[in-house]
Amino acid sequence: MELATAVFGVPFQFLRVPNLKLKVPRISTPKPMAVFFLVYISYFLVLSGLIYDIIMEPPSLGSSQDPHTGVVKPVAFLQYRVNGQYIIEGLSAGFLFSLGGLGFILLDFSNDKLTSQRNRYLLILSGVLCIAIAYNLCLLFLRIKIPGYLMED
């Protein structure tokens, strides 16, 4: 211990430690709506399959050839592959999931005590419409992706 004090104490016999009065920077807390916006955008990106798109690098749209006319037409859904997607397909599915989430958020806002009766009904109607539209379009997307899904024989 005496050796370490002797070795490390030599520079301090000639130099003086400065008397600094450093202030810790203050970081203000972000506003709740800013945090909500960031979380909602990250929710959209994750549900859109951004990580899959980065790793697998799929094309934005596919193409298929009409067997009768031979015309090549663009295709937005990668059929018969549940775990594969085109970029446009993922973004549209992520938008629908986010729309359904927005519907639940609107239903939650309608439960506020200070909301007037008219606005409460509008929020409930908007929330239910968002959820219904998102649900039905997601089922439609799934039926396009997997033809015959949930169809009775």
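In short, a report on the structure. (Residues numbered from 1 in each chain as written. Predicted model: local features only at pLDDT ≥ 70, side-chain atom pairs only at ≥ 80, totals over all residues. Heavy atoms only, no water.)

**Points about the pairing of strand β1 (residues 62-65)**
One ladder, built from 4 bridges, connects β1 with strand β2 (residues 72-75); its direction is antiparallel. Paired with Q65 across the strands is V72, a residue of β2. With antiparallel pairing between neighbouring strands as the criterion, β1 and β2 make up a hairpin whose turn holds 6 residues, including G70 at a positive phi of roughly 80°. (Pairing = 2+ DSSP bridges. Helix = DSSP H or I, 4+ residues; strand = E, 2+ residues; numbered from the N terminus.)

**Quick notes on the pattern of salt bridges**
Counting across every chain of the model gives 1 salt bridge. The partner of E89 in a salt bridge is K145, with the nearest N and O atoms 2.8 Å apart. Of this pair, E89 sits in helix α5 (residues 87-109) while K145 is found in helix α6 (residues 117-145), placing the two residues 56 residues apart along the sequence. In this structure, E89 and K145 share a single accessibility class: buried. (Salt bridge = Lys/Arg side-chain N within 4 Å of Asp/Glu carboxyl O. Buried < 20%, exposed > 50% of the residue type's maximum accessible area, 1.4 Å probe, protein only.)

**Some remarks on the packing of aromatic side chains**
Tallying each qualifying case throughout the model produces 3 aromatic pairs. The interplanar angle of 25° and the centroid separation of 5.5 Å between the aromatic rings of F36 and Y40 together place this pair among those described as stacked. Taken together, the positions of F36 and Y40, both in helix α3 (residues 32-47) and 4 residues apart, correspond to about one turn of that helix. The interplanar angle of 65° and the centroid separation of 4.8 Å between the aromatic rings of F77 and F141 together place this pair among those described as edge-to-face. Placement of the pair is F77 in the loop between β2 and α5 and F141 in helix α6, with a sequence separation of 64 residues. These aromatic residues form a ring-pair network of at least three members: F36, Y40 and Y43. (Phe/Tyr/Trp six-rings, centres within 6.5 Å; stacked < 30°, edge-to-face > 60°.)

**A short note on the side chain of Q85**
As for its position among the elements, Q85 is in the loop between β2 and α5. A polar contact is formed between the side chain of Q85 and the backbone oxygen of S48, at a distance of 3.1 Å. Among the polar contacts made by the side chain of Q85, one reaches the side chain of D53 at a distance of 3.2 Å. Apart from residues lying up to four places away in sequence, Q85 is in contact with S48, G49, Y52, D53, P58, L78, G90 and K145. (Polar contact = N/O pair within 3.5 Å; in protein donor to acceptor, adjacent residues only side chain to side chain. Contact = heavy atoms within 4.5 Å.)

**What to know about α5**
Side chains that are three or four residues apart share a direction in an α-helix, a result of its 3.6 residues per turn. The end-to-end C-alpha separation of α5 is 33 Å, in line with the 33 Å expected for 23 residues at 1.5 Å each. Those residues of α5 that sit buried are E89, G90, G94, L96, S98, L99, G100, G101, G103 and L106. (Expected span 1.5 Å × (residues − 1).)

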